[in-house]
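Okay, here's what each chain looks like letter by letter:
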Amino acid sequence: MIHLWILYFCCISSTLSQSLLDQGGLLAAFGDLNNDKLTDIFVITDDGNSFGALLAQKGKNAFSGVDRKCTMPDNEIIVELIPSDFTGNAMMDVLVVSGTPSKGDLIDTFNLRLLRPNGSLLDCAPLSERPFATVNSHPLLLDYNGDMISDILAQDGKIDPVYYVWIGREEGMPEKTKFPASKDGFKSSRSLPMKSPHSNAFIDLNKDGVADIFITTATEMQYWLASENGYLEPTYTFEYPKSSKGSLKIGQSIFVDINSDGQIDHLVPVCNPHYCSIYGLLWNFTASYEWEILLDDIKIDGNPYQFVEIDHIHFKIPMALRAGDVTMDGYPDLIAIMRHGSHVNEVVIFQNEPSANNSFGRHLSPSVVPLKKSLSNAGDPELATFFDISENGKLDILINTGPLYNDSRTPSTPLQTRKMKIFGEIDESGIDSNFLKVLVSSGLCTDRNCYGKDYYVIEKYRVPYGTNRAGPTVCTSLLDSKGLQMESCAGQLSQSAHFALQMPYCFFGLGPYANYIDRLTVTVPSGNTSTILKHVEEQFVPDSQIVIITNPLNEPKKWKVQFWLTPSEFINKTLYTFTAICLVLIILIAILHHKEVREDAYEKQLFKGFWVDS
């Protein structure tokens, strides 16, 4: 069943930069906390001792302040927030990851507490209780068993590490089970210590329609491809990129379809003391692989730039790339925090351009985002990511600034959220390109009773959107400006740890010439390859915001698809022009009609005079 709404958005903010949070805070995650179908922003506040959410305001291009906070015990600080549905009640829970800092040491033991909603607010009481788990890595959000209820994967133990999955369930806390699960006739290998910080992911790596698990260890990268029996062992392992120019510092892996060929690519930023590069993994689903340089020796205006790792003494914000098609041309761009020499941090965008110099057929062109006057004295950028602030199908930039690096502040300082601000760099470029936003929801109901016969929603219930899920893969297929078939794929919430800051939906730029999309394919995690859950939607118009409600889960043909159509500027301009032409024609017709009436009256008067004279 398809529902269609048309939304008209007027022009956005009159200023290109606006402060979303003046009282200080650290960007942590995104999600719809209050179920109003708008994306809220979760922030860590009070130097890591509390957190809250900036609630999106409908139609106002703004966010509320943090009016209620949840506060930690005095001896712990928050290092991560993961919003998702861990209980299957279609309400947004929040997994709080915290640790006890010791003098000058990184936190390597993390306490996990689960906060559930109490009405439209979160119940903060569990923060003062014992954690339901203590782990030695940041957890990865995933749907391990394919039941639409979120689970987490983490490492327990330092010297002899063991991987565990905590399975979300309707009652009680998530249930702990060993990963990989033991199977008859199968003996699992010893787990390697996870890299810290890691860039673990839950995404379809081999294009079989089932999300796989990616784990970074201290010595290698592991692809745990799903099988008929689930995730049994690392199917393939890869060494980290190496360089003949010296040892490399490895950043966070990112998974993005960089060349829009329908295959998710694996990219890694790397640095040595003198230069930084971006590598891509060439892999054909076999044991053979090769790391190829996508961009070597990053320079802007002739100056070498380095990726930045932010050191807050007790935890680090690793050097990372984040993806989004900000140029709206159908190829995802990248954004990162970089620095030239001893200068302040800068926000750098890598524009994805065609190239014949590598196997990917793409080149990344770096440029510094010129910060507006409102940000010139706001501090040093520490985080930057893409985000649709205005919900208008154009990606904006969220920038989190901290205290400036100067003689009084060393590069390693405690977290000082009171000195941090969050700004939105809003896109007012006027670029008229088409887009597609897809959110794959669970479709679960608050009491599991909202569906009647044939899975139609019972009248007294609202449409059950549920919450956004980790692991779905969305692919679009359409003709590009040259008439060639173009297939782009993206994973929804594939990474959640160490400030991944992924949008809770898949965003595709389609360029200015896409008249319609040939095919939209959505697959969701099932936990194994014996069941492929895939839904295909054919031939629909671009400039759409789409919600896929995956219920009933095992019958993809019955999944509900809802469209919100946002007319492009071209359509609006055409409508305005057509309206103006109609008004001009009406005025001309009225003038001519009035003139004709006057002439008729004059002729009638002449006729009467002639009749009297006769």
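Starting afresh in each chain, residues are numbered from 1 along the sequence in its written order. Totals for whole chains, interfaces and linings use all residues, but because this is a predicted model, local features are given only for residues with pLDDT of at least 70 and pairs of side-chain atoms are given and counted only at 80 or more. For side-chain calculations, the full set of non-hydrogen atoms in the structure is used, while hydrogens and water are omitted.

## Observations regarding the sheet that holds strand β16 (residues 151–156)
What counts, and what does not: Pairing between strands requires that DSSP locate at least two bridges from one strand to the other. A run of DSSP states H or I qualifies as a helix once it reaches four residues; a run of E qualifies as a strand once it reaches two. Both are numbered from the N-terminal end. For helices, the fitted axis covers only the stretch in contact; all axes are lines through C-alpha atoms, and the angles between them, taken along N-to-C directions, range from 0 to 180 degrees.
The sheet built from 4 strands is open, its strands ordered β15-β16-β17-β18 with antiparallel pairing. Across the chains shown, the open sheet's two edge strands, defined by having one partner strand only, are β15 (140–142) and β18 (175–179). Recorded for the sheet is a direction-independent mean angle of 30 degrees between the axes of neighbouring strands. Here β15 runs beside β16; their pairing, made up of 3 bridges, is antiparallel. Looking at β16, one finds that Leu142 is bridged to Asp151.

## Description of empty space enclosed by the protein
Over the atoms rolls a probe the size of a water molecule, and in doing so it shows where empty space is left. Put simply, the rule is: Any residue with an atom within 4 Å of a point lines the site, the site being either a cavity, points on a 1 Å grid over the protein atoms alone where a 1.4 Å probe fits but cannot get out, or a pocket, an open set with protein on both sides within 12 Å along at least 5 of 7 lines. Grid points are joined across faces, edges and corners, and a volume is the space filled by probe spheres set on the points. Amino acid classes used here: Ala, Val, Leu, Ile, Met, Phe, Trp, Tyr, Cys and Pro are nonpolar; Asp, Glu, Lys and Arg are charged; the rest, including Gly, are polar.
Enumeration according to the criterion identifies 3 cavities of 30 Å³ or more in this entry. Counted as a void, the largest cavity has a volume near 590 Å³. What lines the largest cavity is a set of 44 residues, and nearest its centre among them are Phe255, Val256, Ala323, Gly491 and Gln502. Those elements that place two or more of their residues in the lining of the largest cavity are β24 (254–256), β33 (322–324), β37 (380–387), β42 (485–491) and β43 (506–511). Considering only residue class, the lining of the largest cavity consists of 23 nonpolar, 18 polar and 3 charged.

## What about the layout of surface pockets?
Basically, it comes down to this: Here the bounds of each domain stem from an automatic or database domain assignment.
The space that makes up the second largest pocket amounts to roughly 540 Å³. Lining the second largest pocket are 26 residues, with Asp329, Tyr331, Asp480, Ser481 and Met486 sitting closest to its centre. With 4 residues, the top contributor of residues to the lining of the second largest pocket is β43. Of the residues contributing to the lining of the second largest pocket, the split by class is 11 nonpolar, 10 polar and 5 charged. When residues are assigned to domains, the lining of the second largest pocket turns out to be shared by domain 1 (16–427) and domain 2 (434–569), each giving three or more.

## Structural notes on the UniProt feature "transmembrane region" (unreviewed entry) in the protein chain
Spelled out, the test is: UniProt positions are given in the numbering used here, feature names are shortened, and annotations may be inferred rather than shown by experiment.
Summarizing the sequence annotation, UniProt attributes the feature "transmembrane region" (unreviewed entry) to residues 575–592 in the numbering used throughout. End-to-end, the C-alpha atoms of residues 575–592 are 26 Å apart, and along that stretch the chain is 100% helix and 0% strand.

## Notes on the pattern of salt bridges
Keep this limit in mind: Salt bridge criterion: a side-chain nitrogen from Lys or Arg within 4 Å of a carboxyl oxygen from Asp or Glu. Only protein chains enter the accessibility calculation, which uses a 1.4 Å probe; a residue whose area is less than 20% of its type maximum is buried, one above 50% is exposed, and one in between is partly exposed.
Scanning the model with the defined rule gives 12 salt bridges in all. A salt bridge links Lys69 to Asp46; the shortest N-O distance between them is 3.5 Å. In this pair, Lys69 sits in the loop between β7 (62–63) and β8 (70–71) while Asp46 sits in the loop between β4 (40–45) and β5 (50–54), placing the two residues 23 residues apart along the sequence. Across the pair Glu391 and Lys437 runs a salt bridge, and its minimum N-O distance is 2.9 Å. Taken together, the residues Glu391 in the loop between β37 and β38 (396–402) and Lys437 in strand β40 (residues 434–441) connect sequence positions 46 residues apart. Look at Lys437 and you get buried, because its relative accessible area is 4%. Among the charged side chains, a salt-bridge network with shared partners connects Lys249, Glu309 and Lys316.

## A few points about the environment of Gln306
Where we set the bar: The criterion used for residue contact is that any of the two residues' heavy atoms lie within 4.5 Å. Definition of a polar contact: a pair of N or O atoms within 3.5 Å, with one able to donate and the other able to accept a hydrogen when the atoms are protein atoms, and with sequence-neighbouring residues admitted only if both atoms are side-chain atoms.
One can find Gln306 in strand β30 (residues 306–307). Not counting the four nearest positions on each side in its chain, Gln306 is found in contact with Cys271, Asn272, Pro273, His274, Tyr275, Cys276, Ile337, Met338 and Arg339. Polar side-chain contacts of Gln306 include one of 3.1 Å to the backbone oxygen of Asn272.

## Some words on the packing of aromatic side chains
We count it as follows: Between the rings of Phe, Tyr and Trp (Trp by its six-membered ring), a pair exists once the centres lie within 6.5 Å; its type follows the angle of the planes, with under 30 degrees stacked, over 60 edge-to-face, and the other angles tilted. Two conditions define a charge sitting above a ring: the NZ of Lys or the CZ of Arg must be within 6 Å of the ring centre, and it must be within 35 degrees of the ring normal.
Inspection of the entire model under this criterion finds 18 aromatic pairs. Ring-pair connections join several aromatic residues into one group, and the members of that group are Phe214, Tyr223, Tyr236, Phe238, Phe255, Trp283, Phe285 and Tyr289. One residue, Lys437, lies across the ring of Tyr505, its end atom 4.5 Å from the ring centre.

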